[in-house]
Amino acid sequence: MEPANLQQKFFRHLKSILPGHLSLVDEVAELLGISNDSAYRRIRGEKPISLEEIQKLCIRYHISLDQLINVESESTIFFGKNLDGDNFDLDKYLDYLLINLKLITGAKEKMFYYEAKDMPLFYFFLHDELASFKLFFWIKTVLLCKGYSKMQFEDHELSGIIHKKGIEIIRAYNKIPSSEIWSADALNATVRQIEYYSYTGVIRKKETIELLYTQLEQTIEHLREQAEYGEKFTTGQKPLGYENFHLYYNEWFLGNNTVLVEADGVQTVYVNHAVMNQLITHDSEFCSFTKKSLNNIMKKSLLISSVGEKERNRFFNNLLSEICHSKNEVLRG
């Protein structure tokens with residue numbers, strides 16, 4: 001391929017992964033510190049782009065140059081910043097989550113696939129205290145953040161941040177058509193975490209324990225209602241007739257908390273690691289393979305949204321039984 005054609009191919013790829021509201025010319029000009037006219041000339045292939053410039057663009061937009069020039073390296077480029085307990089900022093973490101959801105909602109054509117090992121984080125935001133518990137557990141026990149080592153749950157000050165951002169997060173997610181794949185173990189992590197903090201005294205009040213279990217039950221009942229209508233909506237609202245929620249019950253293996261997002265032709269895969277962290281890629285081969293894998297899982301799973309009332313009720317009743325059993329065990333001491 002001629003250098004000018006390869007350069008044009010590079011910029012076509014860059015344009016395809018940019019959010020729709022961003023201008024390719026403006027982005028290139030700002031990052032490279034050149035005029036818009038100079039940026040246009042590079043994009044059209046009229047002026048050769050330097051190695052230093054292409055390096056800046058690849059780093060900034062997480063582009064694999066190997067893939068674009070067809071080098072068979074058998075590697076996939078991932079990006080993502082690992083969270084550090086020494087400087088973790090919950091406000092920024094929630095902002096990042098919200099910004100990404102809003103970018104997806106802004107796409108004309110969009111789809112969100114979620115292979116869930118645990119209940120998706122979005123649903124915890126239906127209840128402030130339940131969301132506070134989940135994030136408190138991650139901050140205290142997973143990230144080992146300073147100031148949390150001896151803190152009990154009732155002493156946290158997370159509710160203000162979570163209430164404000166949580167409502168926006170769940171509303172944004174509800175606007176995105178989604179297919180979620182759940183297993184019978186989707187609540188295991190959360191139930192075990194409540195038990196652990198109850199037995200170790202991190203939760204000191206019986207009323208707090210009861211509230212967390214109650215909110216978890218209410219969340220599952222709400223999800224049952226969403227599945228019945230095949231639509232996502234917030235608590236207290238009524239479904240509007242949108243068919244934007246497909247829930248699959250996977251009986252045969254434990255998922256990996258893998259997410260595939262499609263937005264106006266751009267695919268992105270988010271691979272969960274170390275509880276709170278994400279490895280992210282736009283690599284076309286990896287994204288295509290992931291979608292094929294998810295489609296295979298859905299074909300072998302039971303669709304329990306809109307249809308399959310018997311299986312749907314069996315699935316949700318089993319989840320509620322797990323919550324009830326755990327609550328009784330904990331409250332008995």
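Check the entry above for the structure.
Note that the structure is a prediction, hence the values are computed from the model and not measured.

Asks: Which parts of the structure should I look at to understand the overall build of the protein?
Replies: Helix and strand counts for the protein come out as 12 helices and 7 strands. When its C-alpha atoms are laid out on the principal axes, the protein stretches across 75 × 50 × 40 Å. Counting across all 333 residues of the protein, residues that qualify as buried make up 47%. Taking as baseline every contact in the protein between residues at least 6 positions apart, the subset at least 24 positions apart corresponds to 73%. Carbon and sulfur atoms form 50% of the exposed surface of the protein, whose accessible area is close to 17300 Å². Of the charged side chains in the protein, 39 are positive and 45 negative; the average position of the first set lies 1 Å away from that of the second.

Asks: Looking at this structure, I do not really get the nonpolar core. What am I missing?
Replies: Phe112, Phe125 and Trp182 are the most contacted members of the largest nonpolar core, which has 68 residues in total. Per element, the largest residue contribution to this core is 8 residues, and it comes from helix α7 (residues 128-142). Each residue touching Phe112, except ones within four places of it in the same chain, is listed here: Leu101, Ile104, Phe122, Tyr173, Ile176, Pro177, Ser178, Ser179, Val259, Leu260 and Val261. Phe10, Leu18, Ala39 and Ile43 belong to the second largest nonpolar core, which has 19 residues in total.

Asks: Help me understand the sheet that holds strand β7 (residues 302-303), please; the structure alone is not making it clear to me.
Replies: In a beta sheet, neighbouring strands pair by backbone hydrogen bonds and run either parallel or antiparallel. Strand order in the open sheet formed by 7 strands is β6-β5-β4-β1-β2-β3-β7, with mixed pairing between adjacent strands. Edge positions in the sheet fall to β6 (277-281) and β7, since each has one partner strand and no second. The strands that helix α11 (residues 284-299) touches are β1 (110-115), β2 (178-182), β3 (245-249), β4 (258-263), β5 (266-273) and β6; relative to β5, the one it contacts most, it runs at about 75°.

Asks: Would you explain the pairing of β2 in this entry?
Replies: In the case of a regular strand, side chains alternate between the two sheet surfaces. Counting buried residues in β2 gives 5 out of 5 residues, a clear majority hidden from the surface. Alternating residues of β2 divide into Ser178, Glu180 and Trp182 and Ser179 and Ile181, and every residue in both groups is buried. Pairing of β1 with β2 involves 4 bridges; the strand directions are parallel. Bridge pairing in β2 places Tyr114 opposite Glu180. With 5 bridges connecting them, β2 and β3 associate as parallel partners. Bridge pairing in β3 places Trp182 opposite Tyr249.

Asks: Sorry if this is basic, but what is going on with α7 here?
Replies: For α7, with 15 residues, the first-to-last C-alpha span of 20 Å sits near the 21 Å given by 1.5 Å per residue. With 11 of 15 residues buried, α7 lies mostly within the body of the structure. Taken as a whole, α7 has its buried residues at Leu130, Ala131, Ser132, Phe133, Lys134, Leu135, Phe136, Phe137, Trp138, Ile139 and Lys140. The secondary structure elements touched by the buried residues of α7 are α6 (90-105), α8 (159-174), α9 (188-199) and α10 (206-229). Once α7 finishes, Leu144 follows within two positions and takes phi at roughly 55°, a positive value.

About the criteria used
- Residues numbered from 1 in each chain as written.
- Predicted model: local features only at pLDDT ≥ 70, side-chain atom pairs only at ≥ 80, totals over all residues.
- Heavy atoms only, no water.
- Helix = DSSP H or I, 4+ residues; strand = E, 2+ residues; numbered from the N terminus.
- Buried < 20%, exposed > 50% of the residue type's maximum accessible area, 1.4 Å probe, protein only.
- Contact = heavy atoms within 4.5 Å.
- Areas by Shrake-Rupley, 256 points an atom, 1.4 Å probe, with all protein chains shown as cover.
- Lys, Arg positive; Asp, Glu negative; His and termini not counted.
- Charge placed at Lys NZ, Arg CZ, Asp CG, Glu CD.
- Core = buried A, V, L, I, M, F, W, Y, C linked by side-chain atoms within 4.5 Å.
- Pairing = 2+ DSSP bridges.
- Axes fitted to C-alpha atoms, helices over the stretch in contact; angles between N-to-C directions.
- Expected span 1.5 Å × (residues − 1).

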